[in-house]
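Listed below are the residues making up each chain.
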Amino acid sequence: MAASSRVEDEAFVTLATNDTYSLGALVLGHSLRRANTTRSLAVMITAGVSQGMRHQLSEVFDVISVVDVLDSKDAANLDLLTRPDLGVTFTKLNCWRLTQFKKAVFMDADTLAMQNIDELFEREELSAAPDAGWPDCFNSGVFVFKPSEATYQSLLKFAISHGSFDGGDQGLLNLYFNDWSSKDIKRHLPFLYNVVSQAFYSYLPAFKQFGSEVKVVHFIGAVKPWHHGYNTATGQVEETGGGGHDQRFLQLWWSIFMERVQSHLAPSVAGERQVTHPTYMGIVGELASLKISPPASGGSDSYSKEQLEDRQRQFEWEQGRIDYLGIDAFAHIQSKLDETIKKGYWRDFV
Ligand code: UDP
Ligand code: GLC
Ligand code: MN
């Protein structure tokens, strides 16, 4: 877009503290570009984002702002939320320091714009949509705000004296902007601007009626789109069983990811499938190594059901959700080990 048609002093802002959330940020950025936004795109990152990923982010975001990690370290409240990993969402507060923008819209890295949402810039601080779990609170995955160093300092002071009732930014921001639900209806964004991707389970008729008008989808919860598998032969998402996200939303996330992100992540990976990518670790490495064209054997480059279940299990385990009585019970682990040894899979690791 020509610089002249861009509104330089207003921006969509997101946050990624590591390479994995950066995948979400990249897809979000592309979804906004694809919807022809006229606003700037900014991403806040921390030291945990690799150089390679920073380069990828710079291809879609106009501004990359390196910020310090802020962590609530509030284990008790994070436990209530069942998300021990969300203390770092306090890092989000840094968005108030982006004072080169007069107004901005923060969006979580796990959100996706379905259409142009530039009209949000007509709203004032703090505008947000109700949280589906407790509609008298707003969900802090999408909000309109006014950058200001004074507000940032005041939020920090408030965090120290009041804390957050969920251990993350949402509990803090709802305490700070505590008249959101009562003062001014214009600050209530329609739910369409922050639709939980699982919403149709709770109110299917409304989803049927209004689903086509969704403006922003939010893949809330521990299982994100990037934790699912993708069948490169059929172009279909293969759910790992968790998350409960609507298949159509997941499919759109993956289509954007495969079309605009994945190919750039792995320019050198054209031949044999590699288990991990030389530059990226973990999930990002696995996704960077996906081959788009199906192998000549006619098979696909997707994960088998068993691999997907294992991946999901590993993820749950890493998040501290250990199913001691079920799949992670010792007897189960023992039989899994026996099976692995019998099949000779261990050969791959020596
Ligand atoms: N986030 C991050 N690194 C983390 C956890 C969270 O960068 O380790 C950022 C990211 O922008 C993410 C947001 O904080 O979208 C809120 O976390 P998340 O979306 O996982 O929370 P949920 O919406 O599922 O409650
Ligand atoms: C919520 C929001 C997310 C926020 C988290 C922690 O569920 O979706 O944006 O970071 O809670 O407060
Ligand atoms: Mn989120």
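To keep things clear, this report deals only with the structure shown in the data block. (Residues numbered from 1 in each chain as written. Chains lettered and ligands numbered in written order. Predicted model: local features only at pLDDT ≥ 70, side-chain atom pairs only at ≥ 80, totals over all residues. Heavy atoms only, no water.)

Below, the discussion takes up the packing of helix H1 (residues 19–34) against helix H2 (residues 51–60). Relative to each other, H1 and H2 sit at 15°, their axes nearing to 9 Å. Comparing their axes, H2 and H1 come out roughly parallel. The handedness of the crossing between H1 and H2 comes out as left-handed. On H2, the residues that touch Asp19, Ser22, Leu23, Ala25, Leu26, Gly29, His30 and Arg33 of H1 are Met53, Gln56, Leu57 and Val60. Along the lines of polarity and charge, the residues of the contact of H1 with H2 split into six nonpolar, four polar and two charged. (Axes fitted to C-alpha atoms, helices over the stretch in contact; angles between N-to-C directions. Helix = DSSP H or I, 4+ residues; strand = E, 2+ residues; numbered from the N terminus. Parallel < 35°, antiparallel > 145°, perpendicular 65-115°, else oblique. Left-handed = near helix turned anticlockwise from the far one by under 90°. Contact = heavy atoms within 4.5 Å. Nonpolar A, V, L, I, M, F, W, Y, C, P; charged D, E, K, R; others polar.)

For the rest of this paragraph, the subject is the coordination of the manganese ion (ligand 3). Surrounding the manganese ion (ligand 3) are the protein donor atoms Asp108 (OD), Asp110 (OD), Asp110 (OD) and His218 (NE2), which sit 2.2 to 2.3 Å from the metal. Here the manganese ion (ligand 3) binds six donor atoms, and the angle range of 56 to 171° at the metal identifies the geometry as irregular. In the primary sequence, the donor residues of the manganese ion (ligand 3) line up as D-x1-D-x107-H. Of this pair, aspartate 110 sits in the loop between strand E4 (103–107) and strand E5 (111–113) while histidine 218 is found in strand E9 (residues 216–218), placing the two residues 108 residues apart along the sequence. Taking the relative accessible area as the measure of exposure, histidine 218 reaches 2% and is therefore buried. (Donors = N, O, S within 2.8 Å, 3.2 Å for Na, K, Ca; no water. Tetrahedral: all angles 85-135°; square planar, octahedral: opposite > 155°, others 65-115°. Buried < 20%, exposed > 50% of the residue type's maximum accessible area, 1.4 Å probe, protein only.)

If you check the shell around ligand 2, you find 13 residues, and the closest are Lys92, Asp108, Asp166, Asp169 and Gln170. In the model, an oxygen atom of ligand 2 is placed 2.9 Å from a nitrogen or oxygen of the aspartate 166 side chain. Coverage of ligand 2 by the protein chains reaches 91% of its 310 Å² of free accessible surface. Elements represented by at least two residues in the shell around ligand 2 include exactly strand E7 (138–145) and helix H5 (169–176). If one sorts the elements of the shell around ligand 2 by residue count, E7 sits on top with three residues. Among the residues making up the shell around ligand 2, the classes are represented as two nonpolar, seven polar and four charged. (Near = heavy atom within 4 Å. Polar contact = N/O pair within 3.5 Å; in protein donor to acceptor, adjacent residues only side chain to side chain. Areas by Shrake-Rupley, 256 points an atom, 1.4 Å probe, with all protein chains shown as cover.)

Turning our eyes to something else, we now look at the site of ligand 1. Contacts to ligand 1 come from 16 residues, most closely from Leu15, Thr17, Tyr21, Gly221 and Lys224. Here alanine 109 contributes a backbone N or O atom positioned 3.0 Å from an oxygen atom of ligand 1. Lysine 224 is positioned with one of its side-chain polar atoms (N or O) 2.7 Å from an oxygen atom of ligand 1. When the free accessible area of ligand 1 is taken as 510 Å², the share hidden by the protein chains comes to 90%. For the shell around ligand 1, the per-class residue count stands at seven nonpolar, five polar and four charged.

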